[in-house]
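Chains, contacts and geometry: an overview
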Amino acid sequence: MKTLGELNAKIYIGTSGYSYRDWIGSFYPPGIQQEDMLSYYAREFPFTEINFSYYRLPSPKVFESMLHKVPESFLFTVKAFQSLTHERGDTVKQDAIKFREALKPLRQQNRLGALLLQFPYSFPYNDSNRSYLAFLRELLGDLPLVVEFRHNSWLKEATWNFLKSLSIGYVCVDGPRLAGLVANIVKVTAPVAYVRFHGRNANKWWKHEKPYERYDYLYSEKELAEWVPRISLLSRHSSRIFVAFNNHFGAQAVYNARMLKKLLAL
């Protein structure tokens, strides 16, 4: 049997976001300025998942600036703007055009790992939502897309065939074991494979005062070890694998990213 290091896929392990004030002291050194965080982060990790792009449309200049702060091998994955995945209003076409324009600096330097389409739990499997996903693929052209579903009605063979037909990667999710949510299904539907670790904080997933509470969770080594054979499987059928830890509260994402790298002997 081949080891992970001998498989074809390149594995990138990082965190979902990097600019967190509560990481100062536990990951970032005291006194660090926010504009210096990315450069510091890139000393250890080969990619980051950009999340601010969900809340506001980014400009090309933002990504141009970020590229100057990281090594030439560093990659970015970017979360799609909320109007594309959560609102679906009259501005979708216009926003998709603006978003593609914003990503040009990353694409021109081959530094865009994937564009993440994260849909809410209120986006179940049905003909209308399948058509909308195909519509987004058309709008976004040849961008490397990956999709995360929250509703478990998508977990069926028809979904895998549909995503393959659109060349959209399926985002494998580790999250709380709650009825209705997607389980730890591992599938490859495009050259880019993707894994997101949200934590298993079942008590706070639906009921929380602040959004970060949902992701307040530290994985044990035993829990992460469950993913070693799964990532090995992904490696056999993809060219790149991005693993993003979203349990960001208190820099727990950093600790767990390091732990998984050790388990995978990367």
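Presented here is an overview of the structure given in this document. As the structure is a computational prediction, the values presented were derived from the model and not from experiment. (Residues numbered from 1 in each chain as written. Predicted model: local features only at pLDDT ≥ 70, side-chain atom pairs only at ≥ 80, totals over all residues. Heavy atoms only, no water.)

1. Observations concerning the overall build of the protein
Scanning the protein for helices and strands turns up 12 helices and 8 strands. A compact globule built from 266 residues would reach a C-alpha radius of gyration of about 18 Å, and the protein, at 18 Å, matches this within 12%. Structurally, the protein occupies a C-alpha span of about 50 × 45 × 40 Å along its principal axes. Going through the 266 residues of the protein one by one, you find that 52% of them count as buried. Total accessible area computed for the protein in this model is approximately 12,200 Å², and 50% of it derives from carbon and sulfur atoms. Computing the positive centroid from 35 side-chain charges and the negative centroid from 24, the protein places the two 3 Å apart. (Helix = DSSP H or I, 4+ residues; strand = E, 2+ residues; numbered from the N terminus. Rg over C-alpha atoms; globule rule 2.2 N^0.38 Å. Buried < 20%, exposed > 50% of the residue type's maximum accessible area, 1.4 Å probe, protein only. Areas by Shrake-Rupley, 256 points an atom, 1.4 Å probe, with all protein chains shown as cover. Lys, Arg positive; Asp, Glu negative; His and termini not counted. Charge placed at Lys NZ, Arg CZ, Asp CG, Glu CD.)

2. Here's the deal with the nonpolar core
Counting residues in hydrophobic clusters, the biggest one holds 84 residues, and the most contacted among them are Phe149 and Phe245. Apart from residues no more than four positions distant in its own chain, Phe245 is found in contact with Ile13, Gly14, Thr15, Ser16, Phe197, Tyr219, Leu224, Ala253, Asn256, Ala257 and Leu260. (Core = buried A, V, L, I, M, F, W, Y, C linked by side-chain atoms within 4.5 Å. Contact = heavy atoms within 4.5 Å.)

3. Thoughts on the pattern of salt bridges
Scanning the model with the defined rule gives 12 salt bridges in all. The partner of Glu148 in a salt bridge is Arg150, and the shortest N-O contact between them spans 2.8 Å. Here Glu148 and Arg150 have matching classes, each one buried. A salt bridge links Arg177 to Asp174; its shortest N-O distance comes to 3.9 Å. The class for Arg177 is partly exposed, based on a relative accessible area of 49%. Taking relative accessible area as the criterion, Asp174 reaches 0% and is therefore assigned buried. One network of salt bridges, in which partners are shared, links Asp174, Arg177, Arg200, Glu223 and Glu226. (Salt bridge = Lys/Arg side-chain N within 4 Å of Asp/Glu carboxyl O.)

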